[in-house]
2 protein chains.
Amino acid sequence: MAKKQISSKERLINSGALLFAEKGFDGVSVRAICAHAETSMNMIHHYFESKEGLLTVILENFTTEAFVTPLKIIEDSPKSSEDFRLRMEMLFESTLETYIKNRNVVVISNQVQLVMPVLMAYQEKFSDFLNRSKKLGFVRESLDSEMIAGFMLDRINNQVQYAPWINKAYKIDLLKDVEYRKRWCKSNLDLFLNGITTR
Amino acid sequence: MAKKQISSKERLINSGALLFAEKGFDGVSVRAICAHAETSMNMIHHYFESKEGLLTVILENFTTEAFVTPLKIIEDSPKSSEDFRLRMEMLFESTLETYIKNRNVVVISNQVQLVMPVLMAYQEKFSDFLNRSKKLGFVRESLDSEMIAGFMLDRINNQVQYAPWINKAYKIDLLKDVEYRKRWCKSNLDLFLNGITTR
């Protein structure tokens, strides 16, 4: 009995995240979420009080726990230029993985235009890593660390959020094609670390 | 009479764009749009048949005409490395201006997850400019031109789309603060052209 209750709550969270991401918060009814989750109609009220309450829980479930791997990579300062590049490569890949894994909530937070505390916390730690790397001489002094972090996260955020259109327009599936994903990371990181111009 | 009709149609387009961008397509009623535009209730039906019809017209109004200035800049191939950098600087600034001027429709197209033909056409011409610059030796061979264009447009798109949150979180107003905008462009372009690492 207790097990069934936990599971229908979880199902509502998953269905809500999926449907909000697909159709927007205002485009989804309580009825549709319950139908998708295969629960009775009063379960949203029971667990979350309202559709708004369900949204809040979905957003609150997206915590720094999701970023454990990327955050681990930038905890220590780089020991050499090579080490810095390696960490950036691992960071780029694992951050992309995290965004893909949590795609629904990423899409929803963009829709409802909420500043997600987890993303601000992550960006802050990333900036801090870049500042330390700057002091060690691996990042150019003239660039602002927050700007650098923002640039990289914009790129990852959009690639994940708009993956379905990109797939439609260019027949590329970032979400499923792991080989493509690896190439995409390498190529973007090359631009990011080295710039586009020849010299 | 004819003049008044044109003007109420225009008002509906402007109000629709503003409200769709603010609250999402599903979050806005026909009634709210008409009230905002100060027209009578049947005017949306009269001009656009439905709310969907109004949305279509708003999206179709966003044509390559909006990108005249950026497209002019990348029409000719660069004559030198310096010329390439200058053109990229002008391109970055004028593309940002275009996105800011058309912010509502940019936000809406992101919401409804439609591939906008105007953005695809612009991206194609930008890639073409980069390919020509590559052949002339100003852009690194190993980078994919479409990826480069996508990286830059992601950055601009997000900065404009999320300007209200950025303003809230960091007290920076990209949309209104022209001085900040200039600095933002310079700093981002520096990263984009030269990368973040020291060598």
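Predicted model only: the values in this text are computed from it and were never measured. Within every chain, residues take consecutive numbers counted from 1 along the sequence as written. Here the convention is simple: chains get letters from A, ligands get numbers from 1, in the order in which they are written. Given that this is a predicted model, residues contribute local features only at a pLDDT of at least 70 and side-chain atom pairs are listed and counted only at 80 or more, while totals for whole chains, interfaces and linings are drawn from all residues. Neither water nor hydrogens contribute to the side-chain values; these are computed over all heavy atoms in the structure.

Let us now look at the interface of chain A and chain B. Here, residues are in contact when the closest pair of their heavy atoms is within 4.5 Å. Each partner contributes to the interface: chain A provides 50 residues, whereas chain B provides 50 residues. Buried area between chain A and chain B, both sides added, is near 4,600 Å², and the carbon and sulfur share of it is 54%. Buried area adds together the accessible area that both of two parts lose upon being put together, with accessible area traced by a 1.4 Å probe. Among the residues chain A hides against chain B, the three largest losses belong to F151(A), W165(A) and I196(A). Together they make up 17% of the total. Criterion for a salt bridge: a side-chain nitrogen of Lys or Arg within 4 Å of a carboxyl oxygen of Asp or Glu. Counting every contact that joins chain A to chain B gives four salt bridges. For the salt bridge of R155(A) with D154(B), the shortest nitrogen-to-oxygen distance reads 2.9 Å. Here a polar contact is recorded for every N or O atom pair within 3.5 Å, except that within protein the pair must consist of a potential hydrogen donor and a potential acceptor, and residues adjacent in sequence are included only if both atoms are side-chain atoms. Linking chain A with chain B are 29 residue pairs in polar contact (both at pLDDT 80 or more). Elements supplying a minimum of two residues to the side of chain A that touches chain B: α6 (81-101), α7 (103-111), α8 (117-135), α9 (145-161), α10 (163-170) and α11 (178-194) of chain A. Only DSSP runs of H or I reaching four residues or more are called helices, and only runs of E reaching two or more are called strands; each is numbered from the N terminus. With 11 residues, α9(A) is the single largest residue contributor to the side of chain A that touches chain B. Only Asp, Glu, Lys and Arg are considered charged, only Ala, Val, Leu, Ile, Met, Phe, Trp, Tyr, Cys and Pro nonpolar, and every remaining residue, Gly among them, polar. Within the side of chain A that touches chain B, the residues separate by chemical class into 22 nonpolar, 18 polar and 10 charged.

Here the focus is the confidence of the model for chain A. Within chain A, residue pLDDT values average 91, and 97% of them lie at 70 or more. Interface scoring of the predicted complex returns ipTM 0.83; its pTM is 0.88. Residue-level confidence of the predictor is summarised by pLDDT, bounded by 0 at the bottom and 100 at the top.

The next subject is helix α2 (residues 30-37) of chain A. Residues and elements named next belong to chain A. Throughout, exposure labels follow a simple rule: accessible area from a 1.4 Å probe, protein chains only, divided by the maximum for the residue type, with under 20% read as buried, over 50% as exposed, and the rest as partly exposed. Along α2, the residues classified as buried are I33, C34 and A37. In an axial view of α2, the angular spread of the buried residues amounts to 95°, which keeps them on one side of the axis. Away from the buried face of α2 by more than 90 degrees, exposed residues R31 and A35 are located. Once α2 ends, the next one or two residues include E38, with phi positive near 55°. Of all possible arcs, the one meant is that of the directions from the helix axis to the C-beta atoms.

Right, let's talk about the relation of the copies chain A and chain B for a bit. Overlaying chain A with chain B gives an RMSD of 0.0 Å, the required rotation being 180° about an axis along which the chain moves by 0.0 Å. Classification of the inter-copy transformation places it as that of a two-fold axis. The rotation axis passes nearest to the C-alpha of G195(A) in chain A, at a distance of 1.9 Å. When you check the interface residues of chain A against chain B, 100% turn up at the interface there too, and the contact is symmetric in its surfaces. The copies are overlaid by a least-squares fit using only the C-alpha atoms of residues whose pLDDT is at least 70 in both copies.

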